[in-house]
Amino acid sequence: MPNIESAIKRVRTNETANAKNSSQSSSMRTAIKKFEEAVAAGAENVDALYKEASKAIDMAESKGLIHKNKANRDKSRLSKKIAK
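Let us look at the structure shown here.

Each value, and the rule that gives it
Residues numbered from 1 in each chain as written. Predicted model: local features only at pLDDT ≥ 70, side-chain atom pairs only at ≥ 80, totals over all residues. Heavy atoms only, no water. Helix = DSSP H or I, 4+ residues; strand = E, 2+ residues; numbered from the N terminus. Buried < 20%, exposed > 50% of the residue type's maximum accessible area, 1.4 Å probe, protein only. Contact = heavy atoms within 4.5 Å. Lys, Arg positive; Asp, Glu negative; His and termini not counted. Charge placed at Lys NZ, Arg CZ, Asp CG, Glu CD. Axes fitted to C-alpha atoms, helices over the stretch in contact; angles between N-to-C directions. Parallel < 35°, antiparallel > 145°, perpendicular 65-115°, else oblique. Nonpolar A, V, L, I, M, F, W, Y, C, P; charged D, E, K, R; others polar.

**Brief notes about the overall build of the protein**
Scanning the protein from N- to C-terminus turns up three helices and zero strands. Helices and strands in the protein line up, N terminus first, as α-α-α. Each of the three principal axes of the protein carries a C-alpha extent, and together these read 60 × 25 × 15 Å. Here the protein holds 84 residues, and 23% of them are scored as buried. Put simply, of all contacts in the protein between residues at least 6 apart along the chain, 52% involve residues at least 24 apart. If the 18 positive side-chain charges of the protein are averaged to one point and the 10 negative ones to another, these points end up 5 Å apart.

Okay, here's the thing in structure tokens:
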């Protein structure tokens, strides 16, 4: 446990940032999984789910949670699945 006041504040800040980042990453993965399950099941709302997953990926990229190339690669893979 840190003794210095600024270090104590950093711990608190890091905890809140970690919670936000974890939540954002989790929601991105959930949106991707929903899309992939809908594609596998042949659901009708695949386009809407693709839009949501793509938006979640873009948001994670803009927050710095994932790299730009990973975001583009993930969106490309999703679009390939929708094209089949």
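**Regarding the environment of Ala 38**
Note that Ala 38 resides in helix α1 (residues 5-41). You can call Ala 38 buried: its relative accessible area is 8%. Each C-alpha atom of the pair Ala 38 and Glu 5 lies 50 Å from the other, and the pair is 33 residues apart in sequence. If we skip the residues at most four places from it in the chain, Ala 38 touches Ala 43, Asn 45, Val 46 and Leu 49.

**Looking at the packing of helix α2 (residues 46-62) against helix α3 (residues 68-83)**
Between α2 and α3, the shortest axis-to-axis distance is 9 Å and the interhelical angle comes to 175°. By the angle between their directions, the pair α2 and α3 is classed as roughly antiparallel. The segment α2 lies against α3, with Val 46, Asp 47, Tyr 50, Ala 53, Ser 54, Ile 57, Asp 58 and Glu 61 engaging Lys 68, Ala 71, Asp 74, Lys 75, Leu 78, Ser 79 and Ile 82. A breakdown of the residues in the contact of α2 with α3 according to their chemical character gives seven nonpolar, two polar and six charged.

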